[in-house]
Amino acid sequence: MKLLSPLSLMLIAAAFLAIPVPAASQGPIKLKTVVIDPGHGGKDAGCVSRDKKTFEKNIALDIALRLNRKIASAFPDVDVKMTRSDDRFVELEQRAVFANKAGANLFISVHVNSVERGTSANGFSVHVLGQSQRKGNDLYSKNLDLVKRENSVIMLEDNFETRYQGFDPNDPQSSIIFSLMQNAHLSASLAFAEDVAGAMAGGPIRHSRGVSQDPFWVLWRTAMPSVLIEVGFMTNPDDLAVMRSEAGRQGIADNIFKAFCVFKTRYDGSASIPPVEDVKPVVTPSGEPAAPAEPQHRNDPKDGVLYGIQVLAIGKKMDPKDPFFQGYEPMELKVGKLYKYIICPDTYLSQAKKSYTKVVTIFKDSYLVKVENGASCPVR
Ligand SMILES: [Zn+2]
């Protein structure tokens, strides 16, 4: 077979990964579009300061607009889009739909945190989509209140019960739907989240509550690297003073901008094709798996090669006895910051395929992988 040019390889990859491909004359893929999502708006004020004078929706919008201006002036080639640029109500689902339609390469949601009682909780936190760490049955874990509050915006929308597939933000069990998904952009989202946290630790609100994975609806529906930033606490006097000052809000926007620059450099330098092991299995519109892109692997075992079914890729180490695995004994692979869990490993591909037909009925997003030299890649 004649060797394929880098562009045709990219076209083939793009066909499978559904990523945009530039015209041949445009050279390598660059970050083109970023969507900034100021939380809440209109009839949804978000959280409110104790004296009822400051609303989350206004702080989020102001910081988002400042970030927009920074990016637009530094990178005229980048299209900066906002899910809202004034005080209006935007449905949660529509924010994600908007970003997906825009073909965004990065989604940044800006919010403000609060607590019901007390004033001591302070600092910023950065969130990417995932299953929260679980304590017993509490699927939301330590960020229960925060996740509930941010997700509960949908209750202000019409017909939310039907439109959000019966999802009830007040019912932790409801978030089980999040736990069964794989996030194709997890490693890129985590990398950006770490950069945001690193930049924000320089102040003006410098206490870091860290990066965590949580089941935020808006992040679930976006089809690109996505983070949600809680810039500070409305209920903490020091954080609030920063957010009320123009210099404070500018400082926060500047920090997010710094992280954006790092993300853009990494994105532009990588030709934007995500590492193959993070990619979801290819599914055609009919729901059938796509035809194999390459000849099937030979059926005879090869030294050091295993086939199995990847059921989870996540930014934290899981207990192999976790109920998530439904009694299967997972094999763990650590690749960069990701932990990958593979069940039913076998030296024979035919055997792994047999197991897969059963496993996929339980783990809907699972897929067959080949494990070699400590790395896994999908078997098409
Ligand atoms: Zn919020």
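Residues numbered from 1 in each chain as written. Predicted model: local features only at pLDDT ≥ 70, side-chain atom pairs only at ≥ 80, totals over all residues. Heavy atoms only, no water.

### Observations concerning the overall build of the protein chain
In plain terms, the rule: To qualify as a helix, a DSSP run of H or I must reach at least 4 residues; to qualify as a strand, a run of E must reach at least 2; elements of each kind are numbered from the N terminus. Burial classes follow relative accessibility: with a 1.4 Å probe on protein chains only, a residue under 20% of its type's maximum area counts as buried, one over 50% as exposed, and anything between as partly exposed. By definition in these notes, contact holds between two residues if any of their heavy atoms fall within 4.5 Å. Exposure was quantified through the Shrake-Rupley algorithm and a 1.4 Å probe, taking into account, for residues, occlusion by the shown protein chains and nothing else.
Summing up its helical and strand segments, the protein chain has 11 helices and 11 strands in all. Looking at the 380 residues of the protein chain, the share that counts as buried comes to 48%. Contacts spanning at least 24 positions in sequence make up 76% of the contacts within the protein chain whose residues lie at least 6 apart. For the protein chain, the exposed area adds up to about 17700 Å²; of that, 55% sits on carbon and sulfur atoms.

### What to know about the packing of aromatic side chains
The geometry of two aromatic rings is summed up by the distance between their centres and the angle between their planes. We apply this condition: Side-chain rings of Phe, Tyr and Trp, where Trp is taken by its six-membered ring, are said to pair if the distance between their centres is within 6.5 Å; with planes under 30 degrees apart they count as stacked, over 60 as edge-to-face, and otherwise as tilted.
This model, assessed by the stated rule, comprises four aromatic pairs. Centroid distance F75 to F257: 6.2 Å. Interplanar angle 40 degrees. Geometry classified as tilted. Here the residue F75 occupies a position in the loop between α2 (56-74) and β2 (79-82), and F257 occupies one in helix α10 (residues 246-269), the gap between them amounting to 182 residues. We classify F257 as buried; its relative accessible area is 12%. With centroids separated by 5.9 Å and ring planes inclined at 35 degrees, the aromatic side chains of F263 and Y267 adopt a geometry described as tilted. One end of the pair, F263, and the other, Y267, are both in helix α10, four residues apart, so they sit about a helical turn from each other.

### Brief notes about the pattern of salt bridges
Pairing of side chains with opposite charge becomes possible as their charged atoms draw close. To be explicit about the condition: Salt bridge, as applied in this entry: a Lys or Arg side-chain nitrogen positioned within 4 Å of an Asp or Glu carboxyl oxygen.
Following the criterion strictly, the structure yields 11 salt bridges and no others. The salt bridge partner of D86 is R88, with a shortest N-O separation of 2.6 Å. Given a relative accessible area of 31%, D86 falls into the partly exposed group. Counted as one network, the salt bridges with shared partners bring together D62, R66, E246 and R249.

### A few points about the pairing of strand β4 (residues 124-129)
As a reminder of what qualifies: Two strands pair under a simple rule: DSSP has to find at least two bridges between them.
The buried fraction of β4 amounts to six of the six residues, a majority that puts the element mostly inside the structure. Burial along β4 is two-sided: F124, V126 and V128 facing one way and S125, H127 and L129 facing the other are all buried. Summarising the sheet, β4 and strand β5 (residues 208-214) pair through five bridges and their orientation is parallel. Each bridged residue has a counterpart across the sheet, and for F124 the counterpart in β5 is S208.

### Quick look at helix α7 (residues 186-200)
The cut-off we apply is this: Helix span, as expected, comes to 1.5 Å for every residue beyond the first.
Here α7 spans 21 Å end to end across 15 residues, near enough to the 21 Å set by a 1.5 Å rise per residue. Among the residues making up α7, those that are buried are L186, S189, L190, A191, F192, A193, V196, A197, A199 and M200.

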